Amino acid sequence: ELWHGPTCAFKDMALQMLPHLLSASLVKNQEEKTVCILVATSGDTGKAALEGFRDVEKTRILVFYPKDGVSAIQELQMATQEGENVGVCSVVGNFDDAQTGVKRLFSDESLREQLAGRGFFLSSANSINWGRVLPQIVYYISAYCDLMRAERIRKGDKVNVCVPTGNFGNILAACYAREMGVPIGRLICASNSNNVLTDFLRTGVYDRNRTFYNTMSPSMDILISSNLERLLFALTGHDDEQVREYMGQLNQTGRYEVSPAIQDRLTRLFSAGFCDDAQTQKVIGRMWQEHHYLIDPHTAVAFDVLEQYRKETGDDTPAIVASTASPFKFCDSVLGALGVTELAEGTAILDQLSELTGVPVPAPLAALKDKPVRFRETVTRDHMVDQVLEMLR
Ligand SMILES: *Cc1c(COP(=O)(O)O)cnc(C)c1O
């Protein structure tokens, strides 16, 4: 369970550490300016980044989220954010609008100049940042030690790892842990209906030209997994020319096919599978009925894919499943999976799930009720620049 941090999602593990790595390197490099992190978020990342950067020296953070694109709980989590160096603003439209707006800010020369004059420069905190991958390696080592301590395995025994995957950061960290010597057997990549990675790891063909689904595991609703580039870099023996060619093809045609040598390395390391929403619901319900263990939709996808893997291969090696979010972050889906049809509104839905299951609401979510809303601003895409200038006075 990687979700016991301040925002109840696994991204806390890395985003609690990254800001301090960044702040330390600013000092080390004698950087005089203050860094301002700009984030466009569809939910989890924005809140985790806000909590991570909150009141960290020489940093500011400004998060934009789509007005129509996040859940009520997620919006409340961001709107009540504490800290002196934070800002939150919603953007009219969907995630694409927010994301395009932020990209435009990064390439706005005149904004950059004005900010430099005020002692600021812009940076991002997205998941290809090495400072986010690095801290994630640690918990795979720690999980292996936990299994030893619990006498489920002996030192040197192999374990498999199954990870619900979107941008490929979390499972890549497991891959690095393996390279560092943790006896990991197979890396099992679990996807939802957006199963571009399942196909890639099975066939060596990456093809993003397919239908995009909005699923009940939204943090995995991704058709371009940016950290895959880093895996390819490793598997080609750091052949940057070849990787650049693949990424060029991806940009132009949405598709590339790796060489047989690389595909061979891929299939020796990885297994892959996917699980649609109907099956995800069933797994949440069954896990609760059979084990009294409450899981969120992302974690349910991983459990299902692990089970498929075991059935197909007969490989019963002990396995670590990365549980990436608290079920209370996705109350509506989880309640639905438990057979509830009348859902409470706003934060009352947290109590509804807790009363039904007897599982306590995680403290950071329970505290939302009493927190004052600090940020209510909504802007159109064209006015995001004004928000940045307003905040960075
Ligand atoms: C971000 C996220 C994922 C996907 O992790 P990646 O490192 O992008 O593969 C899975 N589950 C949850 C709950 C997440 O927030």
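Here the structure is a predicted model, which is why all the values come from computation and not from measurement. (Residues numbered from 1 in each chain as written. Predicted model: local features only at pLDDT ≥ 70, side-chain atom pairs only at ≥ 80, totals over all residues. Heavy atoms only, no water.)

### Describing the overall build of the protein chain
Note the cut-off: Segments assigned H or I by DSSP are reported as helices when at least four residues long, segments assigned E as strands when at least two residues long, and all are numbered from the N terminus. As a reference, a globule follows 2.2 Å times the number of residues to the power 0.38, and the radius of gyration itself is taken over C-alpha atoms. Relative accessibility decides the category of a residue: with a 1.4 Å probe and only protein chains considered, values under 20% of the type maximum give buried, values over 50% give exposed, and everything between is partly exposed. Every residue pair with non-hydrogen atoms within 4.5 Å of one another is taken to be in contact. Per-residue and other accessible areas follow the Shrake-Rupley method at a 1.4 Å probe size, with only the shown protein chains counted as cover for residues. In summary, the charge assignment counts Lys and Arg as positive and Asp and Glu as negative, without counting His or the chain termini. Where a charge lies is defined by one atom per residue type, namely NZ (Lys), CZ (Arg), CG (Asp) and CD (Glu).
Across its full length, the protein chain carries 18 helices and eleven strands. At 21 Å, the protein chain has a C-alpha radius of gyration in line with the 21 Å of a compact globule built from 393 residues. Relative to its full complement of 393 residues, the protein chain shows a buried share of 51%. Contacts in the protein chain between residues far apart in sequence, at least 24 positions, make up 74% of those at least 6 positions apart. By element, 48% of the accessible surface of the protein chain is carried by carbon and sulfur atoms, the whole surface being about 18300 Å². Seen as two clouds, the 39 positive and the 50 negative side-chain charges of the protein chain have centres 4 Å apart.

### Things to note about the side chain of Lys11
Using the following cut-off: The rule for a salt bridge is simple: a side-chain nitrogen of Lys or Arg has to be within 4 Å of a carboxyl oxygen of Asp or Glu.
When you line up the elements, Lys11 lands in helix H1 (residues 11–15). Buried charged residue Lys11 carries no salt bridge. Nearest counter-charge: Asp44, at 4.9 Å. Those residues in contact with Lys11, other than ones at most four positions away along the chain, are Thr45, Ala48, Arg132 and Ser219.

### Quick look at the sheet that holds strand E2 (residues 59–66)
Rules: We call two strands paired when DSSP finds no fewer than two bridges between them. As a rule, the C-alpha atoms of each element are fitted with a line to give its axis, helices using only the stretch in contact, and angles between N-to-C directions run from 0 to 180 degrees.
Read across the sheet, five strands follow the order E4-E1-E2-E3-E11 without closing on themselves; strand pairing throughout is parallel. The sheet is open, and its two borders are formed by strand E4 (120–123) and strand E11 (378–379), each paired with just one other strand. Looking at chain direction, strand E1 (residues 34–40) and E2 are connected through six bridges and run parallel. Across the sheet, Ile37 pairs through a bridge with Ile61, a residue of E2. Set on the sheet, helix H5 (residues 95–106) makes contact with E1, E2, strand E3 (86–91) and E4; between it and E1 the angle comes to about 155°.

### Considering the site of the ligand
Filter applied, for reference: The near set for a molecule or strand comprises every residue that places at least one heavy atom within 4 Å of it. Polar contacts, as counted here, are pairs of nitrogen or oxygen atoms within 3.5 Å of one another; within protein the pair requires one atom able to donate a hydrogen and one able to accept it, and residues that are adjacent in sequence qualify only if both atoms are side-chain atoms. Each residue is assigned to one class: nonpolar for Ala, Val, Leu, Ile, Met, Phe, Trp, Tyr, Cys and Pro, charged for Asp, Glu, Lys and Arg, and polar for all the others, Gly among them.
Around the ligand there are 14 residues in total, and Lys11, Gly166, Asn167, Asn170 and Thr324 lie nearest to it. Asn167 is positioned such that a nitrogen or oxygen atom in its backbone is 2.8 Å from an oxygen atom of the ligand. Here an oxygen atom of the ligand and a backbone polar atom of Phe168 are 3.0 Å apart. Alone, the ligand offers 380 Å² of accessible surface; in the complex the protein occludes 97% of this. A breakdown of the residues in the shell around the ligand according to their chemical character gives four nonpolar, eight polar and two charged.

### Overview of helix H3 (residues 44–53)
Counted residue by residue, H3 has nine buried out of ten residues, so it is predominantly covered. Within H3, the full set of buried residues consists of Asp44, Gly46, Lys47, Ala48, Ala49, Leu50, Glu51, Gly52 and Phe53. Packing partners of the buried residues in H3 comprise H1, helix H2 (18–28), E1, E2, helix H4 (72–79) and E3. Immediately downstream of H3, the backbone of Asp55 shows phi near 60°, a positive value.

### Comments concerning the domain arrangement of the protein chain
Operational definition: By convention here, the domain bounds are inherited from an automatic or database domain assignment. Buried area counts how much accessible surface, traced with a 1.4 Å probe, disappears from two parts once they are put together, with both parts' losses summed.
Here the domain parsing of the protein chain yields domain 1 (12–126 + 372–391), domain 2 (136–321) and domain 3 (327–361). Averaged C-alpha coordinates put domain 1 and domain 3 at centres separated by 30 Å. Facing four residues of domain 1, the contacting portion of domain 3 comprises six residues. Around 420 Å² of area is buried between domain 1 and domain 3 when both sides are counted, 64% of it from carbon and sulfur atoms. In this structure, the connection of domain 1 to domain 3 is made through one salt bridge. Between Lys329 and Asp44 there is a salt bridge, with its nearest N and O atoms 2.8 Å apart. At the boundary of domain 1 with domain 3, the tally comes to one residue pair in polar contact (both at pLDDT 80 or more). Partitioned by chemical class, the residues of the side of domain 1 that touches domain 3 number two nonpolar, one polar and one charged.

### Examining the side chain of Asp315
Its place among the elements puts Asp315 in the loop between helix H14 (297–313) and strand E10 (319–321). Although Asp315 is buried, it forms no salt bridge, and the closest oppositely charged side chain is Arg186 at an N-O distance of 5.9 Å. Within the local environment of Asp315, its side chain forms a polar contact with the side chain of Tyr309, the two groups lying 2.5 Å apart. Beyond its immediate chain neighbours, meaning those up to four positions away, Asp315 contacts Asn160, Tyr309 and Arg310.

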